[in-house]
Amino acid sequence: MQVTRDYQITDKDFEDKDLIVSLGGDGTFLKTASMVKMNTLPIMGINTDPMRSVGHLTSIKIPYESRNKDIPQLMDYIVTENFKYIYKQRIRLDK
């Protein structure tokens, strides 16, 4: 699993990926979605601070304190395809 923390990401970085996971809140999810130009690549948002953030755009809430237990379990669900898609449309505006 590759973890990327810098924002110098290009479309080439996403070519061989099946899923993008955004850890944070709605702002982090929006930043992640703005970097992913391919509209066929799913993005899953995980709200890591549900006490302070509502997380309207994120799919699941995993408090930071329980990440070591809950995130591996979530990845197991993804690998075994034990989930359902919730489709949300994105609009991209360019000058």
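Residues numbered from 1 in each chain as written. Predicted model: local features only at pLDDT ≥ 70, side-chain atom pairs only at ≥ 80, totals over all residues. Heavy atoms only, no water.

Draft legend 1. Geometry of helix H2 (residues 67–79). When the terminal C-alpha atoms of H2 are compared, their 18 Å separation across 13 residues agrees well with the 18 Å that a helix rising 1.5 Å per residue should span. The set of residues buried in H2 consists of Asp70, Ile71, Leu74 and Met75. Viewed along the axis of H2, the buried residues span an arc of 135°, placing them on a single side of the element. Turned more than 90 degrees off the buried face of H2, the exposed positions are Asn68, Lys69 and Val79. Looking at the buried side of H2, the elements it contacts are strand S1 (20–24), strand S2 (43–47) and strand S3 (60–61). Note on H2: the residue one or two positions beyond its end, Glu81, has a positive phi of about 55°. (Helix = DSSP H or I, 4+ residues; strand = E, 2+ residues; numbered from the N terminus. Expected span 1.5 Å × (residues − 1). Buried < 20%, exposed > 50% of the residue type's maximum accessible area, 1.4 Å probe, protein only. Arc of directions from axis to C-beta. Contact = heavy atoms within 4.5 Å.)

Draft legend 2. Structural detail: unusual backbone geometry. Even without a glycine there, the phi angle at Glu81 is positive, about 55°. Summarising the element assignment, Glu81 is placed in the segment after H2. Judged by relative accessible area, Glu81 falls into the exposed class, the value being 65%.

Draft legend 3. How the structure looks around the pairing of S2. In terms of burial, S2 is largely enclosed, as five of its five residues are buried. With burial as the criterion, each face of S2 is covered, one bearing Ile43, Gly45 and Asn47 and the other bearing Met44 and Ile46. Note: S1 against S2, five bridges, orientation parallel. Pairing of Leu23 across the sheet is with Ile46, part of S2. Chirality of the crossover, the property in question, places the unit of S1, helix H1 (residues 26–35) and S2 among those that are right-handed. The sheet contact formed by S2 and S3 spans two bridges and is parallel. When the sheet's bridge partners are listed, Ile46 is paired in S3 with Ile60. (Pairing = 2+ DSSP bridges. Right-handed = clockwise from strand over helix to strand, strands pointing away.)

Draft legend 4. Region of interest: a positive patch on the surface. A cluster of basic residues, Lys31, Lys37, Arg90 and Arg92, forms a positive patch at the surface. Turning to its location among the elements, Arg90 is positioned in the segment after H2. Residue Arg90 is classed as partly exposed on the basis of its relative accessible area of 37%. (Patch = residues over 30% accessible without salt bridge, like charges linked within 9 Å, V, L, I, M, F, W, Y side chains within 5 Å. Areas by Shrake-Rupley, 256 points an atom, 1.4 Å probe, with all protein chains shown as cover. Salt bridge = Lys/Arg side-chain N within 4 Å of Asp/Glu carboxyl O. Lys, Arg positive; Asp, Glu negative; His and termini not counted. Charge placed at Lys NZ, Arg CZ, Asp CG, Glu CD.)

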